[in-house]
Amino acid sequence: MTSANPRPRIVEVAFWSWMAAAALLIVAGVLEMTMVKYGDMRHTVAASVPDSDVRSLFETYRTVAIVCAVLGLAIGYFAGRTRGGNKRFRRGTIALSVAGVVLLLAATVLLNAVTLLAVLAVIPLLVAVVAATRESASEWFDAAASGSDGD
Amino acid sequence: MTEAVAPEPLFYEAGATWYWLLAGPISAAAMLYIEVNAGIGARLLPPAFFLVLVSGFLAIQVKAARTHTSVELTHDKLRQGAETIDVCNIVRIFPEPEPGDAPPSWRSARALGELAGVPRGRTGIGLKLAEGRTVQAWARKDEKLRVALTDLLEQRSAENRPPGAAS
């Protein structure tokens, strides 16, 4: 990034909000992956419930945990590239954030399948999307893109 | 020849509606809207990709919710998620606490089904079982389930009453 086109504060806000969301999602995903165990679930659920149903619930929780962690890693990586002024990654990070908000809310409402940490990630994700789509941010990304074209 | 017809359930909740899948197209549309309004330039590939991703993940969630948070009450069985108990095992339905009362002890009893506790958006109903255990049934329309269970228990106790006994 050249000093002729300094990075505006709003892009910094978006970046750090994405990083906070990424950290929350990774920690939440890893915690859920390590803490939810099939044996513990089988032990707490009534014996009359078939193993297949307990297994399917366990696999749903595990899937949600993996999706949370992967989403966090992807948002962290994409946000880093976005901070450098890459418009394509900005588009991708926004798309990931919108998808992440929908998935987290659905997983919370439908099965209560995510931890509080992951639900909290919704707030920085929304802040980041709003910040990254402000006009001043758009102007900076346009300038950054035209600057790199000219290089 | 007569065909066995499954009895109509006295109470049924599906657990989750497939309408949740509409969140996929809605989030894709939201993404497109953001792209256009933020001057990123509308491209169809990212929204289409995320439409498939979001809808696919939601389908897994909805299917799981329909298995693990559905409720069905028939004359003989109460099913909560994948756990089923015989209605004849229920000996008492605890009354709903009055507003301002201390939380009753049955609120901390095990919730029926395989989820940890009463699922989000549902309200627990305290049940005393024949073997002395207390558990919580649950439903979104908990009042309706409570009425159906109460009617069933009253009907059962009337059937078990010896003929000629005063009501």
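Residues numbered from 1 in each chain as written. Chains lettered and ligands numbered in written order. Predicted model: local features only at pLDDT ≥ 70, side-chain atom pairs only at ≥ 80, totals over all residues.

1. Some remarks on the overall build of chain A
Short version of the rule: Runs of E in the DSSP output that reach at least two residues are strands. Runs of H or I that reach at least four are helices, and both are numbered from the N terminus. We compute the radius of gyration from the C-alpha atoms alone; for a globule the expected value is 2.2 Å times N to the 0.38, where N is the number of residues. Residues with at least 20 neighbouring C-beta atoms inside 10 Å of their own are called buried, those with 12 or fewer are called exposed, and the rest are partly exposed, where every C-beta is derived from the backbone.
Broken down by element type, chain A carries seven helices and zero strands. Listed N to C, the secondary structure of chain A is α-α-α-α-α-α-α in terms of helices and strands. On C-alpha atoms alone, chain A measures out to a radius of gyration of 19 Å, which is more than a quarter above the 15 Å that the 2.2 N^0.38 rule sets for 151 residues. On the principal axes, the C-alpha backbone points of chain A span a range of 70 × 25 × 15 Å. Sorting the 151 residues of chain A into buried and exposed places 42% on the buried side.

2. A word on the sheet that holds strand β7 (residues 123-129) of chain B
The strands that make up a sheet pair up through hydrogen bonds in the backbone, lying either parallel or antiparallel. Residue and element names in this part refer to chain B. The criterion, for reference: Think of it this way: DSSP has to see at least two bridges between two strands before they count as a pair. By the criterion used throughout, residues are in contact when their C-beta atoms, derived from the backbone, lie within 7 Å. Fitting a line to C-alpha atoms yields each axis, with helices limited to the stretch in contact; the angle taken between N-to-C directions then spans 0 to 180 degrees.
Taken together, four strands build an open sheet; the order of strands is β5-β7-β8-β6 and the sheet is mixed. With one partner strand each, in any of the chains shown, β5 (90-93) and β6 (110-111) form the two edges of the open sheet. Note: β7 against strand β8 (residues 134-139), six bridges, orientation antiparallel. Paired with Ile 125 across the bridge in β8 is Ala 137. Against the sheet, helix α3 (residues 142-160) makes contact with β5, β7 and β8, and its axis sits at roughly 130 degrees relative to β5, the strand it touches most.

3. Things to note about the interface of chain B and chain A
Chain B puts 30 residues into the contact, and the matching count from chain A is 30 residues. Looking at the side of chain B that touches chain A, the elements that each hand over two or more residues are α1 (23-37), α2 (45-68) and β4 (83-86) of chain B. In terms of residue count, α2(B) provides more of the side of chain B that touches chain A than any other element does, 13 residues in total.

4. Looking at helix α4 (residues 87-111) of chain A
Heads up, the rule is: One less than the number of residues in a helix, times 1.5 Å, gives the span that helix is expected to have.
End to end, α4(A) covers 36 Å across 25 residues, agreeing with the expected 36 Å (1.5 Å per residue, within 8%). Counting buried positions over the 25 residues of α4(A) gives 18, a clear majority of the element.

5. Digging into the pairing of β4(B)
Residue and element names in this part refer to chain B. Direction of pairing for strand β3 (residues 77-80) relative to β4: antiparallel, over a ladder of four bridges. Paired with Gln 80 across the two strands is Glu 83, which belongs to β4. In this structure, the hairpin formed by β3 and β4 is closed by a connection of two residues, where Gly 81 is found at a positive phi of approximately 65 degrees.

6. Topic: the confidence of the model for chain B
Low pLDDT means the predicted coordinates in that region are not meant to be read closely. Applied cut-off: The predictor reports its confidence for every residue as pLDDT, a score running from 0 up to 100.
In this model, chain B carries an average pLDDT of 85, and 92% of its residues clear a pLDDT of 70 or more. As a predicted assembly, this complex carries a pTM of 0.79 together with an ipTM value of 0.74.

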